[in-house]
Amino acid sequence: MIGKIIKAASFKRCVQYVTGKEDARILASDGVLLTTTQDIIESFEFQQQMNPRVSKPVGHIALSFLPEDKEKLTDEMMTKIAMEYMELMGIKDTQYLLARHFDNGNPHCHLVYNRINNEGKTISDQYDFRRNEQVTKQLKRKYGLTFSKGKGRTKTERLRGNEKTRYEIYRVVMTAIIQSKSWQEFEANIKKHGVEVEIVMKRKGSRDVKDIQGLRFTKDGLTFKASQIKRDLTFANIVMYLDGNAKKERVSPTAYQQQIRHNDQPRQETNSRQEERHEKSHQHLSSTSFGIPSLGLFDTSNLVNDPEDEDFRRRLQRKKKKRGLRI
């Protein structure tokens, strides 16, 4: 289940799209006349006049589900989920129209609502994209809906042009990150599949990691920023993941599991030995395989959890709290 949020200025265009599909089925509504499409539009527009200063009074959210959940998503269940979604998103005391479409393989419905509520006040859209992500996850867990595995599920054969290339780059890059143990190996792996990576620096000719502005990936003559491929696809995160792969290579699976189990038991090491281990850990990350010193910018908690470091940090935090209490 995902929610795609759209804000618009015209109820006419939105309502015509939602109700105009040949197989469109209205599941629920409130505060609008359903006699004709024009009556629905005029109902929304009439309430819109209570607060004409709002430039985009149209709230439009497409709620889409995975094909695996098709059997359980009856009209009643989809309506129930959509109503609960509205409540959790703070969409209350306003006009709305909920319609289901059947024009693709994914069960989905469209929620159209008036951002001007019944009292003429604006329904807040603050942090709505973040809240949308949290709410959809909450509802998926509650109703046992399938969690998507991300862009890897996308059927690229249905994509065209830039979008197709972008998803192809995503698959190549994410596979290479999992399989590589150094930056050079990562570059070589993506190059085998026709993908080039460029590190963009703030200052021309700089080799200082502090001056890394971002990454660009190119395939078939098309170039995308790393954030266009995946939001958290940064140089720092990639290097951290590659370093984690290298660490796992050096430690046998059995020893690695024992190390994790041992981390759950009380430590008997002295603070001096722990500090020494902590220092060595940072020294290990002080330079990357790319050849640019990290200068301590990479936080291992982002992608790789080192049990020794985590235990050391927890002990330091407890010490600081105790010192604070004595003061």
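Here the structure is a predicted model, which means the values were calculated and not measured.

Novice: Would you take a moment to explain the overall build of the chain for this structure?
Specialist: Tallying secondary structure elements over the chain gives 11 helices and 8 strands in all. By residue count, 40% of the 327 residues in the chain fall in the buried class. When the accessible surface of the chain is totalled, it reaches about 19,700 Å², and 48% of it is carbon and sulfur.

Novice: Sorry, what's going on with the pattern of salt bridges here?
Specialist: Here the structure, examined in full by the defined rule, presents 17 salt bridges. Linking K7 and D125 is a salt bridge whose minimum nitrogen-to-oxygen distance equals 3.9 Å. Taken together, the positions of K7 in strand 1 (residues 2-8) and D125 in the loop between strand 5 (108-114) and helix 4 (128-143) put the pair 118 residues apart, joining distant regions of the chain. Of the residues examined, K7 reaches a relative accessible area of 25% and is grouped as partly exposed. In this structure D125 comes out as partly exposed when scored by relative accessible area, which is 32%. For D211, the salt bridge goes to R203, with nearest N and O atoms at 2.8 Å. Given the relative accessible area of 12%, D211 is considered buried. Residue classification places R203 among the exposed positions, given a relative accessible area of 51%. Through salt bridges with shared partners, one network takes in K7, R115, D125 and D128.

Novice: Can you help me understand the pairing of strand 7 (residues 212-219) in this one?
Specialist: Along a regular strand, successive side chains alternate from one face of the sheet to the other. Relative to strand 7, strand 6 (residues 196-201) is paired through 6 bridges, and the arrangement is antiparallel. Of the residues in strand 7, the one forming a bridge with E198 is R216. Where strand 7 lies against strand 8 (residues 222-225), 4 bridges are found, and the strand directions are antiparallel. Bridge assignment links T218 to a residue of strand 8, and that residue is T223. Counting the residues in the hairpin turn of strand 7 and strand 8 gives 2 residues, including D220, whose phi is positive at 55°.

Novice: How should the confidence of the model for the chain be read in this particular structure?
Specialist: In the predicted model, the chain carries a mean pLDDT of 80, and 72% of its residues have values of at least 70. When the criterion is pLDDT under 50, residues 252-257 qualifies, and its contacts beyond four places in sequence or with other chains add up to 3 contacts. Across residues 274-309 the pLDDT falls below 50, and counting only partners more than four positions away or on other chains, this stretch makes 79 contacts in the model.

Novice: Would you take a moment to explain the side chain of N132 for this structure?
Specialist: With respect to the secondary-structure elements, N132 resides in helix 4. Residue class for N132 comes out buried when judged on its relative accessible area of 7%.

Novice: Can you help me understand the packing of aromatic side chains in this one?
Specialist: Two numbers describe a pair of aromatic rings. These are the distance of the centres and the angle of the planes. Applying the stated rule across the entire model yields 3 aromatic pairs. A centroid spacing of 4.7 Å and a plane angle of 0° characterise the contact between F11 and F44, whose relative ring orientation is stacked. Placement of F11 in helix 1 (residues 11-20) and of F44 in helix 2 (residues 37-48) is noted, with a sequence separation of 33 residues between them. A single burial state applies to F11 and to F44, both of which are buried. Relative to F186, the ring of W183 has its centre 5.3 Å away and its plane inclined at 45°; by these criteria the two rings are tilted. With W183 and F186 both in helix 6 (residues 183-191) and 3 residues apart, the pair spans about one turn of that helix. Each member of the pair, W183 together with F186, is buried. The rings of W183, F186 and F235 are connected pair by pair, giving a single aromatic cluster. Over the ring of Y167 we find R166, and its NZ or CZ is 5.1 Å from the ring centre.

The rules we used
Chains are numbered independently. Their residues run from 1 in the order of the written sequence. Reporting in this predicted model follows two pLDDT cut-offs: at least 70 for local features of residues, and 80 or more for side-chain atom pairs to be given and counted; totals over whole chains, interfaces and linings ignore these cut-offs and use all residues. The basis for every side-chain value is the complete set of non-hydrogen atoms in the structure, without hydrogens or water. By definition, any uninterrupted DSSP run of H or I lasting at least four residues is a helix, any uninterrupted run of E lasting at least two residues is a strand, and each is numbered from the N terminus. Burial classes: relative accessible area under 20% of the type maximum marks a residue as buried, over 50% as exposed, and values in between as partly exposed (1.4 Å probe, protein chains only). The Shrake-Rupley method, run with a 1.4 Å probe sphere, supplies the accessible areas, and residue values consider only the shown protein chains as cover. We define a salt bridge as a side-chain nitrogen of Lys or Arg found within 4 Å of a carboxyl oxygen belonging to Asp or Glu. For two strands to be treated as a pair, DSSP must find no fewer than two bridges joining them. Confidence scores here are pLDDT values: one per residue, from the predictor, ranging 0 to 100. Contacts are assigned to residue pairs that have any heavy atoms within 4.5 Å of one another. Only the six-membered ring of Trp is used, alongside the rings of Phe and Tyr, when aromatic pairs are assigned; centres must lie within 6.5 Å, and planes under 30 degrees apart are stacked while those over 60 apart are edge-to-face, with the rest tilted. Here, a charge over a ring means that NZ of Lys or CZ of Arg falls within 6 Å of the ring centre while also lying within 35 degrees of the ring normal.

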